[in-house]
Amino acid sequence: MGRDTPSNGDGLVAVEQAVRAVEPGALLVEPRLLRRVIKKHYHLGGLGLAVPHDRCLALGREELLAIVGPERLGPAARDLPATAILLQRPAVDGSEDAAARALTALWRVLFHSRVHVELQRRLQDGSLTDAAIRGRVHRIGQTEFDEIRLVLRQDNHLLPPYGDRTTYVEFAALYLELRRFDPRALTKFFPTLDDLEQVDAVLEQDVDAEA
(Lines give C-alpha, C1' and ligand atoms only; values in the text may rest on other atoms or scores of the structure.)
Protein backbone atom coordinates (compact mmCIF):
# COMPACT_ATOMS: atom_id res chain seq x y z
CA MET A 1 0.00 0.00 0.00
CA GLY A 2 1.53 3.36 -1.04
CA ARG A 3 2.26 6.24 1.24
CA ASP A 4 -0.72 8.25 -0.01
CA THR A 5 -3.23 5.40 -0.23
CA PRO A 6 -6.03 5.92 2.29
CA SER A 7 -7.43 2.93 4.14
CA ASN A 8 -11.08 2.19 4.69
CA GLY A 9 -13.06 -0.32 6.70
CA ASP A 10 -14.24 -0.98 10.20
CA GLY A 11 -10.70 -1.01 11.61
CA LEU A 12 -9.96 2.54 10.50
CA VAL A 13 -13.36 3.77 11.68
CA ALA A 14 -12.69 2.32 15.13
CA VAL A 15 -9.26 3.93 15.23
CA GLU A 16 -10.67 7.32 14.25
CA GLN A 17 -13.43 7.06 16.85
CA ALA A 18 -10.92 6.17 19.57
CA VAL A 19 -8.69 9.12 18.71
CA ARG A 20 -11.60 11.59 18.54
CA ALA A 21 -12.91 10.34 21.89
CA VAL A 22 -9.61 11.39 23.48
CA GLU A 23 -8.96 14.50 21.34
CA PRO A 24 -12.08 16.05 19.71
CA GLY A 25 -9.87 18.31 17.61
CA ALA A 26 -8.00 15.44 15.95
CA LEU A 27 -8.56 14.73 12.27
CA LEU A 28 -7.03 11.77 10.44
CA VAL A 29 -6.25 12.93 6.91
CA GLU A 30 -4.44 11.60 3.86
CA PRO A 31 -0.69 12.25 4.05
CA ARG A 32 -0.68 14.32 0.87
CA LEU A 33 -3.44 16.56 2.26
CA LEU A 34 -1.46 17.08 5.46
CA ARG A 35 1.62 18.00 3.43
CA ARG A 36 -0.46 20.44 1.39
CA VAL A 37 -1.78 22.16 4.52
CA ILE A 38 1.75 22.43 5.95
CA LYS A 39 3.05 23.95 2.72
CA LYS A 40 0.20 26.46 2.52
CA HIS A 41 0.25 27.40 6.19
CA TYR A 42 4.02 27.92 6.29
CA HIS A 43 4.36 29.25 2.72
CA LEU A 44 6.77 26.51 1.72
CA GLY A 45 7.72 26.16 -1.91
CA GLY A 46 9.07 23.24 -3.89
CA LEU A 47 7.72 20.00 -5.22
CA GLY A 48 7.85 16.44 -3.99
CA LEU A 49 7.12 14.66 -0.73
CA ALA A 50 9.86 16.19 1.43
CA VAL A 51 7.86 18.41 3.80
CA PRO A 52 9.08 19.08 7.35
CA HIS A 53 7.09 17.87 10.33
CA ASP A 54 4.69 15.88 8.13
CA ARG A 55 3.42 13.50 10.82
CA CYS A 56 1.11 16.05 12.40
CA LEU A 57 0.12 19.70 12.56
CA ALA A 58 -1.82 21.72 15.13
CA LEU A 59 -3.45 24.91 13.88
CA GLY A 60 -6.52 27.06 14.38
CA ARG A 61 -9.84 25.84 13.00
CA GLU A 62 -10.39 28.95 10.88
CA GLU A 63 -6.86 28.80 9.52
CA LEU A 64 -7.41 25.18 8.53
CA LEU A 65 -10.77 25.83 6.86
CA ALA A 66 -9.27 28.74 4.92
CA ILE A 67 -6.79 26.29 3.37
CA VAL A 68 -9.00 23.22 3.01
CA GLY A 69 -12.75 23.32 2.53
CA PRO A 70 -14.87 21.35 5.01
CA GLU A 71 -15.89 18.95 2.25
CA ARG A 72 -12.31 17.65 2.10
CA LEU A 73 -12.25 17.03 5.83
CA GLY A 74 -15.46 15.07 6.11
CA PRO A 75 -18.25 15.26 8.72
CA ALA A 76 -15.80 15.81 11.59
CA ALA A 77 -15.08 19.32 10.27
CA ARG A 78 -18.53 20.47 11.35
CA ASP A 79 -17.80 20.37 15.09
CA LEU A 80 -14.10 21.09 15.31
CA PRO A 81 -12.94 22.98 18.41
CA ALA A 82 -10.87 26.15 18.12
CA THR A 83 -7.67 24.16 17.59
CA ALA A 84 -7.47 21.30 15.10
CA ILE A 85 -4.82 18.59 15.12
CA LEU A 86 -4.14 16.93 11.78
CA LEU A 87 -2.65 13.44 11.91
CA GLN A 88 -1.62 11.17 9.07
CA ARG A 89 -4.34 8.62 8.41
CA PRO A 90 -2.77 5.20 8.96
CA ALA A 91 -3.05 2.14 6.77
CA VAL A 92 -5.31 -0.39 8.53
CA ASP A 93 -6.01 -3.67 6.76
CA GLY A 94 -8.99 -4.61 8.91
CA SER A 95 -7.24 -6.88 11.40
CA GLU A 96 -7.31 -6.16 15.12
CA ASP A 97 -3.51 -6.26 15.28
CA ALA A 98 -3.19 -3.63 12.54
CA ALA A 99 -5.71 -1.39 14.27
CA ALA A 100 -3.91 -1.76 17.60
CA ARG A 101 -0.54 -0.91 16.03
CA ALA A 102 -2.02 2.09 14.26
CA LEU A 103 -3.63 3.34 17.43
CA THR A 104 -0.40 3.00 19.42
CA ALA A 105 1.46 5.01 16.78
CA LEU A 106 -1.26 7.66 16.80
CA TRP A 107 -1.14 8.05 20.59
CA ARG A 108 2.53 8.88 20.23
CA VAL A 109 1.98 11.50 17.52
CA LEU A 110 -1.05 12.91 19.34
CA PHE A 111 1.08 13.31 22.48
CA HIS A 112 3.65 15.21 20.38
CA SER A 113 0.88 17.43 18.99
CA ARG A 114 -0.57 18.18 22.41
CA VAL A 115 2.83 19.48 23.56
CA HIS A 116 2.77 21.83 20.56
CA VAL A 117 -0.74 23.01 21.48
CA GLU A 118 0.17 23.65 25.10
CA LEU A 119 3.35 25.58 24.30
CA GLN A 120 1.64 27.63 21.58
CA ARG A 121 -1.07 28.51 24.10
CA ARG A 122 1.56 29.67 26.57
CA LEU A 123 3.32 31.72 23.89
CA GLN A 124 0.06 33.38 22.90
CA ASP A 125 -1.11 34.21 26.41
CA GLY A 126 2.30 35.55 27.39
CA SER A 127 3.08 33.00 30.10
CA LEU A 128 6.04 31.81 28.00
CA THR A 129 8.04 34.84 26.88
CA ASP A 130 11.12 35.21 24.72
CA ALA A 131 13.07 36.08 27.86
CA ALA A 132 11.86 32.88 29.53
CA ILE A 133 12.90 30.85 26.49
CA ARG A 134 16.36 32.43 26.62
CA GLY A 135 16.53 31.30 30.23
CA ARG A 136 15.54 27.76 29.24
CA VAL A 137 18.21 27.76 26.52
CA HIS A 138 20.83 28.95 29.01
CA ARG A 139 19.99 26.07 31.35
CA ILE A 140 20.11 23.53 28.53
CA GLY A 141 23.30 25.10 27.20
CA GLN A 142 23.72 27.35 24.17
CA THR A 143 26.08 24.93 22.41
CA GLU A 144 23.71 22.04 23.06
CA PHE A 145 20.72 24.10 21.89
CA ASP A 146 22.47 25.07 18.66
CA GLU A 147 23.19 21.39 18.05
CA ILE A 148 19.52 20.58 18.77
CA ARG A 149 18.42 23.14 16.16
CA LEU A 150 20.80 21.62 13.60
CA VAL A 151 19.57 18.08 14.29
CA LEU A 152 15.91 19.11 14.05
CA ARG A 153 16.50 20.80 10.71
CA GLN A 154 18.62 18.00 9.28
CA ASP A 155 16.04 15.39 10.28
CA ASN A 156 13.20 17.45 8.78
CA HIS A 157 11.40 18.05 12.07
CA LEU A 158 11.65 21.84 12.29
CA LEU A 159 9.17 24.19 10.64
CA PRO A 160 9.99 27.83 9.87
CA PRO A 161 10.87 30.25 11.26
CA TYR A 162 13.93 28.63 12.78
CA GLY A 163 14.41 30.93 15.76
CA ASP A 164 14.56 30.01 19.42
CA ARG A 165 10.77 29.92 19.81
CA THR A 166 10.07 27.33 17.15
CA THR A 167 13.19 25.36 18.02
CA TYR A 168 12.28 25.22 21.70
CA VAL A 169 8.69 24.13 20.97
CA GLU A 170 9.72 21.40 18.55
CA PHE A 171 12.52 20.21 20.81
CA ALA A 172 10.13 19.98 23.76
CA ALA A 173 7.58 18.03 21.71
CA LEU A 174 10.09 15.58 20.26
CA TYR A 175 12.12 15.18 23.45
CA LEU A 176 9.06 14.46 25.58
CA GLU A 177 7.68 12.10 22.93
CA LEU A 178 10.91 10.11 22.89
CA ARG A 179 11.25 10.27 26.68
CA ARG A 180 7.93 8.45 27.04
CA PHE A 181 7.67 6.28 23.95
CA ASP A 182 11.26 5.49 22.91
CA PRO A 183 13.72 6.62 25.60
CA ARG A 184 16.63 4.66 24.12
CA ALA A 185 16.44 6.86 21.01
CA LEU A 186 17.05 10.06 22.98
CA THR A 187 20.83 9.84 22.93
CA LYS A 188 20.77 9.02 19.22
CA PHE A 189 18.67 12.08 18.40
CA PHE A 190 20.36 14.44 20.87
CA PRO A 191 23.87 13.11 21.56
CA THR A 192 25.07 16.33 23.21
CA LEU A 193 22.52 16.07 26.04
CA ASP A 194 24.25 14.32 28.90
CA ASP A 195 22.05 15.56 31.77
CA LEU A 196 18.52 14.43 30.94
CA GLU A 197 17.26 15.19 34.43
CA GLN A 198 18.24 18.82 33.90
CA VAL A 199 16.36 18.89 30.60
CA ASP A 200 13.35 17.29 32.29
CA ALA A 201 13.40 20.01 34.93
CA VAL A 202 13.58 22.75 32.28
CA LEU A 203 10.64 21.40 30.28
CA GLU A 204 8.53 20.75 33.37
CA GLN A 205 8.29 24.53 33.77
CA ASP A 206 6.17 24.67 30.62
CA VAL A 207 4.59 21.25 30.04
CA ASP A 208 2.91 18.85 32.43
CA ALA A 209 3.82 15.81 30.35
CA GLU A 210 2.23 13.36 32.76
CA ALA A 211 -1.11 15.10 32.41
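Residues numbered from 1 in each chain as written. Predicted model: local features only at pLDDT ≥ 70, side-chain atom pairs only at ≥ 80, totals over all residues. Heavy atoms only, no water.

Trainee: Help me understand the pairing of strand 1 (residues 26-29), please; the structure alone is not making it clear to me.
Mentor: The two faces of a sheet get side chains in turn, since along a regular strand they alternate between them. Residues Ala26 and Leu28 line one face of strand 1 and the alternating positions Leu27 and Val29 line the opposite face, and both faces are buried. Pairing of strand 1 with strand 3 (residues 83-88) involves four bridges; the strand directions are parallel. In the sheet register, Leu27 faces strand 3, and the bridge partner there is Leu86. (Buried < 20%, exposed > 50% of the residue type's maximum accessible area, 1.4 Å probe, protein only. Helix = DSSP H or I, 4+ residues; strand = E, 2+ residues; numbered from the N terminus. Pairing = 2+ DSSP bridges.)

Trainee: Would you take a moment to explain the pattern of salt bridges for this structure?
Mentor: Any two side chains of opposite charge can pair, on the condition that their charged atoms come close. Applying the stated criterion across every chain, the model contains 16 salt bridges. Here Arg55 ties to Glu177 by a salt bridge, and the two come within 2.8 Å at their closest N and O atoms. Placement of Arg55 in the loop between helix 2 (31-42) and strand 2 (56-60) and of Glu177 in helix 8 (residues 164-181) is noted, with a sequence separation of 122 residues between them. The exposure class assigned to Arg55 is partly exposed, which follows from its relative accessible area of 29%. For Asp146, the salt bridge identified is with Arg149, shortest N-O distance 3.6 Å. Pair noted here: Asp146 and Arg149 are both in helix 7 (residues 142-154), with a separation of three residues, about one helical turn. Through salt bridges with shared partners, a single ionic network connects Arg55, Arg108 and Glu177. (Salt bridge = Lys/Arg side-chain N within 4 Å of Asp/Glu carboxyl O.)

Trainee: I'm lost on the packing of aromatic side chains in this one. Help?
Mentor: In this description, an aromatic ring pair is defined by two values, namely the gap between the centres and the angle between the planes. This structure, assessed with the given rule, holds four aromatic pairs. A ring pair is formed by Phe171 and Tyr175, whose centres lie 5.4 Å apart and whose planes are at 45 degrees; its orientation type is tilted. Pair noted here: Phe171 and Tyr175 are both in helix 8, with a separation of four residues, about one helical turn. An aromatic cluster of at least three residues, connected via ring pairs, comprises Phe171, Tyr175, Phe189 and Phe190. The residue whose ring lies beneath Arg153 is Tyr162, and the NZ or CZ to ring-centre distance is 3.6 Å. (Phe/Tyr/Trp six-rings, centres within 6.5 Å; stacked < 30°, edge-to-face > 60°. Lys NZ or Arg CZ within 6 Å of the ring centre and 35° of its normal.)

Trainee: I keep staring at the side chain of Asp206 and nothing clicks. Help me out?
Mentor: Looking at where Asp206 falls in the secondary structure, it is placed in the segment after helix 10 (196-204). Overall, the relative accessible area of 4% leaves Asp206 in the buried class. If sequence neighbours within four positions are ignored, Asp206 has contacts with Glu118, Leu119, Arg122, Leu128, Arg136 and Tyr168. (Contact = heavy atoms within 4.5 Å.)

Trainee: I keep staring at unusual backbone geometry and nothing clicks. Help me out?
Mentor: Residues apart from glycine generally show negative phi values, whereas peptide bonds are mostly found in trans. Cis geometry marks the peptide bond from Pro160 to Pro161; its omega dihedral reads -5 degrees. Non-glycine residue His53 carries a positive phi angle of around 55 degrees. Here His53 is to be found in the loop between helix 2 and strand 2.

Trainee: What am I meant to see in the pairing of strand 2 here?
Mentor: A large share of strand 2 lies buried, amounting to four of its five residues. The sheet contact formed by strand 2 and strand 3 spans five bridges and is antiparallel. Following the sheet pairing, Leu57 is matched in strand 3 by Leu86.

Trainee: Would you mind showing me how to read helix 6 (residues 130-140) here?
Mentor: Those residues of helix 6 that sit buried are Ala132, Ile133, Arg136, Val137 and Ile140. Buried residues of helix 6, seen end-on, are gathered within an arc of 145 degrees and therefore sit on one face of the element. The exposed residues of helix 6 that point more than 90 degrees off its buried face are Arg134 and His138. Looking at the packing, one finds that the buried side of helix 6 touches helix 5 (96-125), helix 7, helix 8 and helix 10. Just beyond helix 6, the residue with positive phi is Gly141, at close to 115 degrees. (Arc of directions from axis to C-beta.)

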